[in-house]
Amino acid sequence: MLIIIIYVFYSIHNTAGFIYGILFINAKRSGYCIMKNILCYGDSNTWGYIPGGRGRYAHDVRWTGVAAAMLGDDYRIIEEGLNGRTTVFDVPFDPELNGKKHFMCSLMSHAPLDLVIIMLGTNDLMYGHTAWEASRGCVSLIKTALNSALQFAAAKPEVLLLAPILIGKNIADIDQSPLALSGRAESKKFAALYEAAALRFGAGFLDAAKYAEPSCIDCEHMEADGHRRLGEAVAIKIREMLG
């Protein structure tokens, strides 16, 4: 009896998802105006952490909010930022910070999606991983995002990979983690490695370090002006990718 109930539930779930996906695709083909859904998956610099642990920036200050304001009502920016999140690596003190563990849940709960933006990697360096390993973690996330459409028989979302900002040059005076030893040097490798990863899968790419710098307070997080510049650049890139 239990097996039958599980089978029926699974069938209904898949059928509903399939129908929803077909309706979504047909609506697009018919020319209806549908809001573009964009998932922003990141760490504390997506969450809006104020340097020095002074709280969280307001929605309209965070780069996600800045981008949303520029894009207007035809675009929906969905924030999925979590302090301490890695790409795919377990954190000894908090396994829930592994970005891979909750990624599919986020993709499914917000589906269907037109674009998935990923900006992760800084916290990988904090636990002794290299920029190359972080880029490989992003490759895993990109693959997951591109396969997420199968859950709803919907069109594949576009993917935009953002290379994180640099680690500040004075990090050794502030932090006691592996960031203090190699964080600055490794963060300089992000852009080239992430661009190559994005190109491999036909994803979009943007180097956040070109628009924002780490605060001198903690050498890791963006000041409000950095959020503004990055948000503006992301909005332009989104329009370029989605129209």
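Throughout what follows, the structure given in this document is the object of discussion. These figures come from a predicted structure and were not determined experimentally.

1. A short note on the pairing of strand β5 (residues 204–207)
- Of the two faces of β5, both are covered, the one formed by Gly-204 and Leu-206 as well as the one formed by Phe-205 and Asp-207.
- Across four bridges, strand β4 (residues 158–163) lies against β5 in parallel orientation. The partner of Ala-163 across the bridge, within β5, is Asp-207.

2. Considerations on the environment of Leu-181
- For Leu-181, the location among the structural elements is in helix α7 (residues 179–187).
- On a C-alpha basis, the gap between Leu-181 and Ile-171 in space is 8.5 Å, while along the polypeptide they are ten residues apart.

3. As for the pattern of salt bridges
- Taken as a whole, this structure holds seven salt bridges when the rule is applied.
- Taking the shortest distance from any N to any O, the salt bridge between Asp-90 and Lys-101 comes out at 3.4 Å. Linking Asp-90 in the loop between β2 (75–81) and α4 (99–109) with Lys-101 in helix α4, this pair joins segments that are eleven residues apart in sequence.
- Owing to a relative accessible area of 44%, Lys-101 belongs among the partly exposed residues under this scheme.
- It is possible to trace a salt-bridge network through shared partners that takes in Asp-225, Arg-228, Arg-229 and Glu-232.

4. Digging into the sheet that holds β2
- One open sheet accounts for five strands, arranged β2-β1-β3-β4-β5; its pairing is parallel. Among the strands making up the open sheet, the edge pair consists of β2 and β5. Direction aside, neighbouring strands of the sheet carry axes that sit 20° apart on average.
- Pairing geometry for strand β1 (residues 36–42) and β2, over seven bridges, is parallel. Across the sheet, Tyr-41 pairs through a bridge with Glu-80, a residue of β2.
- Against the sheet, helix α3 (residues 63–71) makes contact with β1, β2, β3 (115–119) and β4, and its axis sits at roughly 175° relative to β2, the strand it touches most.
- Contacts from helix α6 (residues 131–147) reach β3 and β4 within the one sheet, and its direction differs from that of β4 by about 160°.

Conventions adopted
- Residues numbered from 1 in each chain as written.
- Predicted model: local features only at pLDDT ≥ 70, side-chain atom pairs only at ≥ 80, totals over all residues.
- Heavy atoms only, no water.
- Buried < 20%, exposed > 50% of the residue type's maximum accessible area, 1.4 Å probe, protein only.
- Helix = DSSP H or I, 4+ residues; strand = E, 2+ residues; numbered from the N terminus.
- Pairing = 2+ DSSP bridges.
- Salt bridge = Lys/Arg side-chain N within 4 Å of Asp/Glu carboxyl O.
- Axes fitted to C-alpha atoms, helices over the stretch in contact; angles between N-to-C directions.
- Contact = heavy atoms within 4.5 Å.

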